There are 2 protein chains.
Amino acid sequence: MLTVNAERTIGDLKTLAEFGKFESGVNRRGFTPEDIAARAWLLERMQEAGLDAAIDGAGNVTGKTPGCERYIIIGSHSDTVPKGGWLDGALGVIFGLEIARAWVESAGSAAIGVKAFSFSAEEGRFNGLFGSSIYSGLKSLEQVVESVADDGTVLGDALRKAGYAGRPVAVFDPVRDIACVEAHIEQGPVLEINDRIIGIVTEIVGVGRSQIFFFGKAGHAGTVPMAMRKDAAAAAYEFAVMFADFCHQHCSDSTVWNIGKLRLEPGAYNVTAREAEVFLEYRDSSADILTGINKAIPELAAEAGAKHKVGHKWIPGVNIPPEIMDSNLVDRLEAAAERCNAPRMRMPSGGGHDCMLFAKKVPTAMLFVPSLGGHSHVVAEDTREADIALGIEVLGEFVSDIVENGLPAKSR
Amino acid sequence: MLTVNAERTIGDLKTLAEFGKFESGVNRRGFTPEDIAARAWLLERMQEAGLDAAIDGAGNVTGKTPGCERYIIIGSHSDTVPKGGWLDGALGVIFGLEIARAWVESAGSAAIGVKAFSFSAEEGRFNGLFGSSIYSGLKSLEQVVESVADDGTVLGDALRKAGYAGRPVAVFDPVRDIACVEAHIEQGPVLEINDRIIGIVTEIVGVGRSQIFFFGKAGHAGTVPMAMRKDAAAAAYEFAVMFADFCHQHCSDSTVWNIGKLRLEPGAYNVTAREAEVFLEYRDSSADILTGINKAIPELAAEAGAKHKVGHKWIPGVNIPPEIMDSNLVDRLEAAAERCNAPRMRMPSGGGHDCMLFAKKVPTAMLFVPSLGGHSHVVAEDTREADIALGIEVLGEFVSDIVENGLPAKSR
């Protein structure tokens, strides 16, 4: 039985939040000096705890409980979005550290150990999910090393500057890595609104992104009669409303979509738009629904374009399938929450997470704690300390069960 | 009878286009060195023609035929939009010069003379219609001298730098200025599509501008269920489509509108918009229709906001009423075109022009020549030389009629 220390966990979270502290949040993008310093600090905490710890050639920080043949991967990321919150990612990293620490303190001879992780650069300074995509084997370092950040930094240069370049790169071990667990803040309002503390994630929704271009003709907004216009902006607005109508009719209550960015050229009060670029994102836990949306986009774009006599072009972007969490682990996580008397609910994860890259390889589970006001990716992001404490308690209870009772063959 | 010289007119237009030449167009914003040099050149042409010419304290260039008691104001502007065309404004300025020149050469003793104008800074580097608003008395120099251009230039400083500051400021003389005529390129496709060369403007449409704000809540585009969102962008798209539907139902075939600019905050793929700012422009020749639109905007904004659970705010901008051209002058302009065998049509002007500021004071008329492909405010803007030649011929015929036959008392 692992005995976690909630006070120590919260203390470490607060210390980690000092690296790149910004107002009440944190500004610690992947491979910035603040992030590199935070990784070095984490490595020291792991070594201090008696873990076999290292930072590898991809910047992933790993701390393994000593003398184990098999491991549960437990972790998240410690980089943040620009001007982000103190818990997004960090919570799962320190939870991983605490569980490994408790393992060393309480269960130091069990057959199943813990590999605590801080996966590097999850938040998309480069490609998003960088460290976990390397560890999971989804990508090789060579494939992505030329990626360029929005500030012009090349990933390979960032790794060299951090001193990580040239080190061995750790990769998923199909024999020894037997399960994956990630704790995270919810990043949404569902737990709070439902008055629950622990979210048991049933699936991580799939994400599709598309750019839809409309090509019209710039013209004087006073002198060109409406019937003669080719207004790319009007087609974009029409598409946005048509797409929402489509989703309301053909998708589920859990489908979400967003057009949070729209580029208009030339973008003037008194000139009709020559070009409009719609940035569309959509998520669902059903692969069928996502397929239906992908099929509908070019049809709706063609219809909106035809109505406004403008051309259109669809550029499909990322298309990440939904990942179902392991049913045995979901049940056992719920049972662990019950043993801790934690108000709990099953729910999908609307955000993508490092652990999704392991869900097809090993039994994978996720635990959520509430986000106050649903805030996410902003400095206002926060979680009550009592909820953090309950979160690490439930995670400890859950991991204890796996360490003690193992995993059924069918579940793997 | 004034005898115009089309070759000389086109030659002067080509020379004027050298000031600030940019690709096949002109980059000559108001009070830039290129514009100031062009004004000095125009002053010399006026003096050369024997006109009583000056540049005043507002930068307006005026050339009066000598020895006259009364004048027809003929002119336009010689500044351009950034990277604009060679004829927008310039055509009407050189037509004014040519008519005054022809007056001196052919009708030097008539009672009604000509005041040729290049009104300064029409294109909105500062407030738009700057020079004509000063000459017409709509605004005083003191009221606008602190205006700041998008590049940070203060109008008063620009006038000082040009050497115009402190000079006397010419203003409309209700006794001597008896009519106003402006020639201009159409800036739209209507003449070309209807295979006509001369447009006889019946009215200059009124223009309204509005900013409509929607205030929502930024949120993670994956984790916040649709039912809990306050998506300002979705409200903006909805408003745009609702506004178009309203206009199709309640306005006329000649009503035009545009939402060519839309600002979204934070403007990211995966974040719902906290704020949306819609830049709406609409024009019509009916004051009633414009009033109806102004009434509808806050109602539609409220409806779109309520549907998406976001707040809204309407900030009305410019609201320029339509100006009806003088019916006697419209008839006589059409008759002049007929005498020249010019294919012609009556039409509204969808763009605003310097002469609109005089329409309530004196009989005012406008003549259009075609814009090839309807291009306007771009370097591709152009007009066939034969059409320019027919334009100056018709204008000469029209002004001859006024100079010889005067204006009816009722028309004034």
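The structure we're discussing is the one just above.
The following paragraphs examine the structure supplied in this document. (Residues numbered from 1 in each chain as written. Chains lettered and ligands numbered in written order. Predicted model: local features only at pLDDT ≥ 70, side-chain atom pairs only at ≥ 80, totals over all residues. Heavy atoms only, no water.)

1. Section: the overall build of chain A
Item 1. When you go through chain A residue by residue, the secondary structure sums to 11 helices and 15 strands.
Item 2. Long-range contacts, defined as pairs at least 24 residues apart, comprise 78% of the intrachain contacts of chain A with a sequence gap of at least 6.
Item 3. A total of about 15,100 Å² of accessible surface is found on chain A, and carbon and sulfur atoms cover 51% of it.
Item 4. Charge separation in chain A, taken as the distance between the mean sites of 40 positive and 55 negative side-chain charges, equals 5 Å. (Helix = DSSP H or I, 4+ residues; strand = E, 2+ residues; numbered from the N terminus. Contact = heavy atoms within 4.5 Å. Areas by Shrake-Rupley, 256 points an atom, 1.4 Å probe, with all protein chains shown as cover. Lys, Arg positive; Asp, Glu negative; His and termini not counted. Charge placed at Lys NZ, Arg CZ, Asp CG, Glu CD.)

2. Considerations on the relation of the copies chain A and chain B
Copies of the same chain, two in number, are related to each other by a rotation about an axis and a translation along it.
Item 1. The transformation that overlays chain A on chain B combines an axial shift of 0.0 Å with a rotation of 180°, and the residual RMSD is 0.0 Å. Such a turn and shift between the copies fits a two-fold axis. If distances are taken from each C-alpha of chain A to the rotation axis, the shortest is found for A:Tyr237, at 2.4 Å. (Least-squares fit on C-alpha atoms with pLDDT ≥ 70 in both.)

3. Quick word on the packing of aromatic side chains
Item 1. Summed over the entire model, instances satisfying the criterion amount to 35 aromatic pairs over all chains.
Item 2. Joined through ring pairs, the aromatic side chains of A:Phe117, A:Phe119, A:Tyr135, A:Phe172 and A:Phe358 make up one cluster.
Item 3. Sitting over the face of the ring of A:Phe279, A:Lys261 holds its NZ or CZ atom 4.4 Å from the ring centroid.
Item 4. Over the face of the ring belonging to A:Tyr269 we find B:Arg209, whose NZ or CZ atom lies 4.6 Å from the ring centre. (Phe/Tyr/Trp six-rings, centres within 6.5 Å; stacked < 30°, edge-to-face > 60°. Lys NZ or Arg CZ within 6 Å of the ring centre and 35° of its normal.)

4. Let's talk about the pairing of strand E5 (residues 70-77) of chain A
All names here are of chain A.
Item 1. Here E5 lies mainly inside the structure; 7 of its 8 residues are buried.
Item 2. Across 4 bridges, E5 lies against strand E7 (residues 177-185) in parallel orientation. Paired with isoleucine 73 across the two strands is cysteine 180, which belongs to E7. (Buried < 20%, exposed > 50% of the residue type's maximum accessible area, 1.4 Å probe, protein only. Pairing = 2+ DSSP bridges.)

5. Focus: the pattern of salt bridges
Item 1. Enumeration according to the criterion identifies 52 salt bridges over all chains in this entry.
Item 2. For A:Glu397, the salt bridge is made with A:Arg339, and the minimal N-O distance between the two is 2.5 Å. Here A:Arg339 lies in helix H10 (residues 327-339) and A:Glu397 lies in helix H11 (residues 385-405), a separation of 58 residues in the sequence.
Item 3. Measuring nitrogen to oxygen at the nearest pair gives 3.5 Å for the salt bridge that ties B:Asp387 to B:Arg384. (Salt bridge = Lys/Arg side-chain N within 4 Å of Asp/Glu carboxyl O.)

6. Notes on the sheet that holds strand E9 (residues 206-215) of chain B
Strand pairing in a sheet is mediated by backbone hydrogen bonds. Such pairs are either parallel or antiparallel.
Residues and elements named next belong to chain B.
Item 1. Here 4 strands make up an open sheet; going across it, the order is E11-E13-E9-E14 and the pairing antiparallel. At either margin of the open sheet sits one strand with a lone partner, and together these are strand E11 (256-265) and strand E14 (311-320). Neighbour-to-neighbour, the strand axes of this sheet turn through a mean angle of 15°, independent of strand direction.
Item 2. Two strands pair when backbone bridges link them, and E9 and E14 are joined in this way by 8 bridges, in the antiparallel orientation. (Axes fitted to C-alpha atoms, helices over the stretch in contact; angles between N-to-C directions.)

7. Remarks on the interface of chain A and chain B
The figure often quoted for interface size is the accessible area lost as the parts come together.
Item 1. With 50 residues of chain A in contact, the opposing surface of chain B contributes 50 residues.
Item 2. Interface area for chain A against chain B, summed over the two sides, is near 4,200 Å², with a carbon-plus-sulfur share of 61%.
Item 3. Counting across the chain A and chain B interface gives 0 salt bridges.
Item 4. Run the count over chain A and chain B and you get 15 residue pairs in polar contact (both at pLDDT 80 or more).
Item 5. Contributing elements (two or more residues each) for the side of chain A that touches chain B: helix H7 (190-193), strand E9 (206-215), helix H8 (232-250), strand E10 (256-265) and strand E11 (275-284) of chain A.
Item 6. When residues in the side of chain A that touches chain B are grouped by element, the largest group, 8 residues, is from E10(A).
Item 7. Its residues assigned to classes, the side of chain A that touches chain B shows 22 nonpolar, 19 polar and 9 charged. (Buried area = accessible area lost by both parts, 1.4 Å probe. Polar contact = N/O pair within 3.5 Å; in protein donor to acceptor, adjacent residues only side chain to side chain. Nonpolar A, V, L, I, M, F, W, Y, C, P; charged D, E, K, R; others polar.)

8. Description of the side chain of B:Thr223
Item 1. Looking at the element boundaries, B:Thr223 is found in the loop between strand E10 (219-220) and helix H8 (232-250).
Item 2. With relative accessibility at 8%, the residue B:Thr223 sits in the buried group.
Item 3. There is a polar contact of 2.5 Å between the side chain of B:Thr223 and the backbone oxygen of A:Gln187.

9. What about the sheet that holds E10(A)?
All names here are of chain A.
Item 1. Across the sheet, 4 strands lie side by side as E10-E11-E9-E12; this open sheet has antiparallel pairing. Strands at the two margins of the open sheet, each flanked by one partner only, are E10 and strand E12 (311-320). Across the sheet, the mean angle from the axis of one strand to that of its neighbour is 15°, orientation sign disregarded.
Item 2. Bridge analysis of E9 against E11 gives 10 bridges, and the strand direction is antiparallel. Across the sheet, phenylalanine 214 pairs through a bridge with alanine 276, a residue of E11.
Item 3. Sheet strands in contact with H8 are E9, E10 and E11, and its direction is about 175° off that of E10.

10. A closer look at helix H6 (residues 155-162) of chain A
All names here are of chain A.
Item 1. The complete set of buried residues in H6 reads Leu155, Gly156, Ala158, Leu159 and Ala162. Taken around the axis of H6, the buried residues stretch over an arc of 160°, which confines them to a single face. Of the exposed residues in H6, the ones pointing more than 90 degrees away from its buried face are Arg160 and Lys161.
Item 2. Against the buried residues of H6 lie helix H2 (33-48), helix H4 (130-135) and helix H5 (141-144).
Item 3. Just downstream of H6 lies glycine 163, where phi reads positive at about 85°. (Arc of directions from axis to C-beta.)

11. Some words on H2(A)
Item 1. Between its first and last C-alpha, H2(A) extends 23 Å over 16 residues, near the 22 Å set by a 1.5 Å rise per residue.
Item 2. When we look at burial in H2(A), the residues that qualify are A:Asp35, A:Ala38, A:Arg39, A:Trp41, A:Leu42, A:Leu43, A:Arg45 and A:Met46. (Expected span 1.5 Å × (residues − 1).)

12. Some details on the packing of H2(A) against helix H3 (residues 90-106) of chain A
All names here are of chain A.
Item 1. Here H2 crosses H3 at 20°, and the two axes come no closer than 10 Å. The orientation of H2 relative to H3 falls into the category roughly parallel. Remark: the crossing between H2 and H3 carries right-handed chirality. Residues Trp41, Leu42, Arg45 and Met46 of H2 touch H3, and the partners they reach there are Val93, Ile94 and Leu97. (Parallel < 35°, antiparallel > 145°, perpendicular 65-115°, else oblique. Left-handed = near helix turned anticlockwise from the far one by under 90°.)

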